[in-house]
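Descriptive analysis of the structure
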Amino acid sequence: MTRDRAGSRIGEVFVSVRILVLGVFLSAGGLLHSAGTDVLGVHKQLAAAQEVTDKPAIIELSRRIVEADPQDSTTWETLARTQFEVAEYDRCTATLNAWANAVKPTPAVLDDLRGDVAEARKDHKAAERYWRSYIMAGSEAIDGLEKLADLCAGEKRWRDAVEFRTRALALDETAVGRIRRANLYLELHEWDKALDDSDKANALDPSDATVKERLPKFELLRKLIRRIKVLDAQIGKSQGAAVLWLDRARLFTLADQPELALTDCRQAMNQVPGMMRARIQTAEALLDLGLGEEAASLNVSYDLARDENKHVNEGALRALGACDAQVLQNPGKADPLILRAKALRRLNQYVLALADARVALALDGNSAGAHFEAAHALDGLRRTKEAMSQISIATELDPNDPVMWYYRGLLEAQRADFAAAIQSQTRSLAIRESSVALLEREKCERRTGRIAEADADATRRNQLPTPQQ
C-alpha cells in the first residue's frame, strides 16, 4: 500500500513537472513572439524616421533593434553611418566594436566605416590602412577605391591616386570618374591622357554637371597645349630658369587651371624669393582659388589689377619681370627699385610699391622719383597726410616735373586745399600744358567760385588732344 502511494506521488510529481516545463516553453514562445512583434514595429518606425531624415530618431531606433537582434548587420550599419553623419565619432567607434563582437565573420564594411572615422579625425594613415583592407576583402569596393584615390590626391601622391581611380573606372566607368582621373593626369602633366579622359567623359554623359563645369577648362587647355609642351621641354633642360616656370604658369592661368599655375609660381618663388613677378602671379593663382588670406600673407591685396578677361595683364607682368631683372642686376641702385615700385603701383599693390620706394629712399634720400612713388603708394593706402609730405619733397627736389606738380595738386584737392591745388596745377601747366591738369584746375576753380576762370579752362581743354598725363 505504501509502495502504491509512493508510486502515485511520484507520478503526480512527474506530471506536474511536465506541465511546468510545457508552461515555460509556451511562455517563452509567447515572449519571443511578442519581441518579434515589437522589433517589427520598431523597424517600421525606423523606416518612417529615415524617410524624413530624423537622425536622432534613426540612431535611437537602430540601437533598440540591434539590442533585440544583434545579428542584424543592416541595422548595425545604419546606426554606425548615422552616428558618423552627425559627427559622433566616439559613439560610432563603439558601435563598430560592438558590431564586430556580435557578428561573425566580421563584415568587411566595418573597415570602410573605420576608415571614414579615421579620415574625419585627420588620421590619414589609419584611414588608408582601413580602406586598403576593405578593398582587399571586396572585389567591387568602388567606394573604397574612390576614397583612396581622393586621399592620395590630397597628399599629392598623384601616381597612387591615378592607380586607384583607374581600378574604380574598371569596375564602373562614369563620366565623373573620367573627369576626376583627367584632373589627376593634369597634375602629372600627362596632357594627352587628360584630354582623352575629358573627351570620353563628354561622350559618356555630356549633361553631367561635373562634365559641364570642367569641359570648358579642358578645351581652353587644348588651345594652349602646344605652347605648354614647348615650355615643358625648355624647363626640362633648364630647371633653374624662374621665368620659364612663370611663363608656363601664365598659360595655366589663361587655361583656368589655377592649381597648376600655383605649383609653377611657387617653384619660381623658391628659386628667386625677391622676384615680384613671381609674387604677383602666385597671389593671382591664390586669389583665383579663393585663398585671399594666403595672398595677403604675400602683401598682395585682393584688388589686384586685372584685364577684361579677369587676368593680370601680360604686358604688366613682363614689365614687372624686366624691373625684377634690373633690380637683381643693379644691387644698391635706387632707380630700378623706383621703376619696380611704379610697376607694382599700376597693379594696385601699394604695400609692395611702398616697400620698394622706401628701399630706394634709403639708398638715395634725394631721389625725387623715390619720394614721388612713396607718395603714390601712401595715397593708395589712404595715408594722405604722409603722401602729401612725400609729394611736397618730390616737387622741391624736382620743381620742373609737370607730373609731380599735377599729382601734388590732386592730393591738395583731396584735402580740400583748393587754393594750393590751383597753384600746383598752374605750375604743372606752366611746364607742360595738358587737358588733365586743366580739368583738375577747373574743378578747383568752380569749388572756389572762380567761374570765369573755370569756363576759360574748360574751353582751352576742349581745344587740346587726348590727355597726355
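Residues numbered from 1 in each chain as written. Predicted model: local features only at pLDDT ≥ 70, side-chain atom pairs only at ≥ 80, totals over all residues. Heavy atoms only, no water.

1. Looking at the overall build of the protein chain
Where we set the bar: In this description a helix means any DSSP run of H or I spanning at least four residues, a strand means any run of E spanning at least two, and both kinds are numbered starting from the N terminus. Two things to know: the radius of gyration comes from C-alpha atoms, and the globule rule equals 2.2 Å times the number of residues to the power 0.38. Throughout, exposure labels follow a simple rule: accessible area from a 1.4 Å probe, protein chains only, divided by the maximum for the residue type, with under 20% read as buried, over 50% as exposed, and the rest as partly exposed. Any two residues having at least one pair of non-hydrogen atoms within 4.5 Å are treated as being in contact. The method behind every accessible area is Shrake-Rupley, applied with a 1.4 Å probe, and residues are considered shielded solely by the protein chains displayed. Charge convention: Lys and Arg are scored as positive, Asp and Glu as negative, and His as well as the terminal groups of each chain are ignored. To locate a charge, the coordinates of NZ of Lys, CZ of Arg, CG of Asp or CD of Glu are taken.
Looking only at helices and strands, the protein chain features 24 helices and zero strands. Taking 23 Å as the expected radius of gyration for a compact globule of 469 residues, we find that the protein chain reaches 38 Å, considerably beyond that expectation. Principal axes of the C-alpha set define a box for the protein chain whose edges measure 150 × 55 × 45 Å. Counting across all 469 residues of the protein chain, residues that qualify as buried make up 42%. A separation of at least 24 residues holds for 50% of the contacts in the protein chain among residues at least 6 apart in sequence. Of the accessible surface of the protein chain, which amounts to about 25000 Å², a share of 53% is contributed by carbon and sulfur atoms. One way to put it: in the protein chain the 65 positive side-chain charges average out to a point 2 Å from where the 70 negative ones average out.

2. Re the side chain of Ser434
Put simply, the rule is: We call two N or O atoms a polar contact when they sit within 3.5 Å, provided that within protein one can donate a hydrogen and the other can accept it, with sequence-adjacent residues counted only if both atoms are side-chain atoms.
Position of Ser434 among the secondary structure elements: in the loop between helix 22 (418-431) and helix 23 (435-447). Judged by its relative accessible area of 1%, Ser434 falls in the buried class. At a separation of 3.4 Å, a polar atom in the side chain of Ser434 contacts the main-chain amide nitrogen of Ala437.

3. So, helix 8 (residues 158-171)
Basically, it comes down to this: Expected helix span is given by 1.5 Å per residue-to-residue step, counting one fewer step than there are residues.
Relative to the 20 Å expected for 14 residues at 1.5 Å per residue, helix 8 spans 20 Å between its end C-alpha atoms, a close match to the ideal helical length. Of the residues making up helix 8, those classed as buried are Trp158, Ala161, Val162, Phe164, Arg165, Ala168 and Leu169. For helix 8, the secondary structure elements touched by its buried residues are helix 6 (124-137), helix 7 (142-154) and helix 9 (175-187).

4. Let's talk about the packing of helix 21 (residues 402-414) against helix 22
Quick note on the threshold: Fitting a line to C-alpha atoms yields each axis, with helices limited to the stretch in contact; the angle taken between N-to-C directions then spans 0 to 180 degrees. Oblique is the label for any angle not covered by the other classes, which are roughly parallel (under 35 degrees), roughly antiparallel (over 145) and roughly perpendicular (65 to 115). In this scheme the crossing of two helices becomes right-handed for a clockwise turn of the near helix relative to the far one and left-handed for an anticlockwise turn of less than a right angle. Three categories are distinguished: nonpolar for Ala, Val, Leu, Ile, Met, Phe, Trp, Tyr, Cys and Pro, charged for Asp, Glu, Lys and Arg, and polar for the others, with Gly belonging to the last.
Contact geometry for helix 21 and helix 22: axes closest at 8 Å, N-to-C directions at 165 degrees. Relative to helix 22, helix 21 is oriented roughly antiparallel. Judged by the sense of rotation from one axis to the other, the crossing of helix 21 with helix 22 is left-handed. The segment helix 21 lies against helix 22, with Pro402, Trp405, Tyr406, Arg408, Gly409, Leu410, Glu412 and Ala413 engaging Phe418, Ala420, Ala421, Ser424, Gln425, Arg427, Ser428 and Ile431. Each residue belonging to the contact of helix 21 with helix 22 can be placed in one class, and the counts come to nine nonpolar, four polar and three charged.

5. Notes on the packing of helix 17 (residues 334-346) against helix 18 (residues 350-363)
Remark: helix 17 packs on helix 18, axes separated minimally by 8 Å, with the N-to-C direction vectors making an angle of 165 degrees. On the basis of the axis angle, helix 17 is roughly antiparallel to helix 18. Here helix 17 runs over helix 18; the crossing is left-handed. Of the residues in helix 18, those in contact with Ala334, Leu337, Ile338, Arg340, Ala341, Leu344 and Arg345 of helix 17 are Tyr350, Leu352, Ala353, Asp356, Ala357, Val359, Ala360 and Leu363. In terms of residue class, the contact of helix 17 with helix 18 is built from 12 nonpolar, no polar and three charged.

6. Description of the nonpolar core
Keep this limit in mind: What is meant by a nonpolar core is a set of buried Ala, Val, Leu, Ile, Met, Phe, Trp, Tyr and Cys residues, joined one to another through side-chain atoms within 4.5 Å.
Core analysis: the biggest nonpolar cluster contains 95 residues, and Trp191, Leu221, Ile280 and Ile391 have the highest contact counts within it. Sorting elements by how many residues they give to this core places helix 11 (residues 209-237) first, with eight residues. Beyond its immediate stretch of four places on either side in the chain, Leu221 contacts Leu186, Trp191, Leu195, Ile228 and Ala255. In terms of nonpolar packing, the next biggest core, distinct from the first, is built from 14 residues, Cys92, Val103, Val109 and Leu110 among them.

7. A short note on the confidence of the model for the protein chain
Detail in the predicted coordinates should be disregarded across regions flagged by low pLDDT. Spelled out, the test is: Each residue carries a pLDDT value, the predictor's own confidence for that position, ranging from 0 to 100.
For the protein chain, per-residue confidence averages 91 on the pLDDT scale, and residues scoring 70 or more make up 91% of the total. Note on residues 1-35: pLDDT under 50 across the span, and zero contacts to partners over four residues away in sequence or across chains.

8. Examining unusual backbone geometry
Between Lys104 and the following residue, Pro105, the backbone shows a cis peptide bond with an omega angle of -5 degrees. Looking at where Pro105 falls in the secondary structure, it is placed in the loop between helix 4 (89-102) and helix 5 (109-120). Despite not being glycine, Ala87 has its phi angle at roughly 65 degrees, a positive value. With respect to the element layout, Ala87 can be found in the loop between helix 3 (73-85) and helix 4.

9. Quick notes on the packing of aromatic side chains
Heads up, the condition is: Only the six-membered ring of Trp is used, alongside the rings of Phe and Tyr, when aromatic pairs are assigned; centres must lie within 6.5 Å, and planes under 30 degrees apart are stacked while those over 60 apart are edge-to-face, with the rest tilted. In this analysis the charged atom, NZ for Lys or CZ for Arg, is taken to sit over a ring once it is within 6 Å of the ring centre and within 35 degrees of the ring normal.
Tallied over the full model, the rule gives three aromatic pairs. Seen from their ring centres, Phe84 and Tyr89 are 5.7 Å apart, and the 50 degrees between their planes marks the pair as tilted. Among the residues examined, Phe84 registers a relative accessible area of 24% and is labelled partly exposed. Measuring from ring centre to ring centre gives 5.8 Å for Phe372 and Tyr407, while their planes differ by 75 degrees; the resulting arrangement is edge-to-face. Pair noted here: Phe372 is in helix 19 (residues 368-380) and Tyr407 is in helix 21, with a separation of 35 residues, a long-range link. Residue Phe372 is classed as buried on the basis of its relative accessible area, which comes to 10%. Over the ring of Tyr130 we find Arg129; its NZ or CZ atom is 5.2 Å from the centre of that ring.

10. Side note on the side chain of Asp324
Among the structural elements, Asp324 can be located in helix 16 (residues 314-329). From its side chain, Asp324 meets the backbone nitrogen of Met276 in a polar contact 3.0 Å long. Other than its neighbours up to four places away in sequence, Asp324 contacts Gly274, Met275, Met276, Arg277 and Arg340.

11. Notes on the environment of Val176
Counting through the fold element by element, Val176 comes out in helix 9. The residues touching Val176, leaving out its near neighbours within four places in the chain, are Asp208 and Thr210.

12. Some details on the pattern of salt bridges
Counted only if it meets this: We define a salt bridge as a side-chain nitrogen of Lys or Arg found within 4 Å of a carboxyl oxygen belonging to Asp or Glu.
Overall, the coordinates contain 48 salt bridges when judged by the stated rule. With its nearest N and O atoms 2.9 Å apart, the salt bridge here joins Glu77 to Arg81. On the criterion of helical spacing, the pair formed by Glu77 and Arg81 is a turn pair, its members being four residues apart in helix 3. Take Arg81: its relative accessible area is 27%, and that puts it in the partly exposed class. Across the pair Asp112 and Arg81 runs a salt bridge, and its minimum N-O distance is 3.5 Å. With Asp112 in helix 5 and Arg81 in helix 3, this residue pair connects regions lying 31 residues apart in the sequence. A single network of salt bridges, built from pairs that share partners, joins Glu77, Arg81, Asp112, Asp116 and Lys147.

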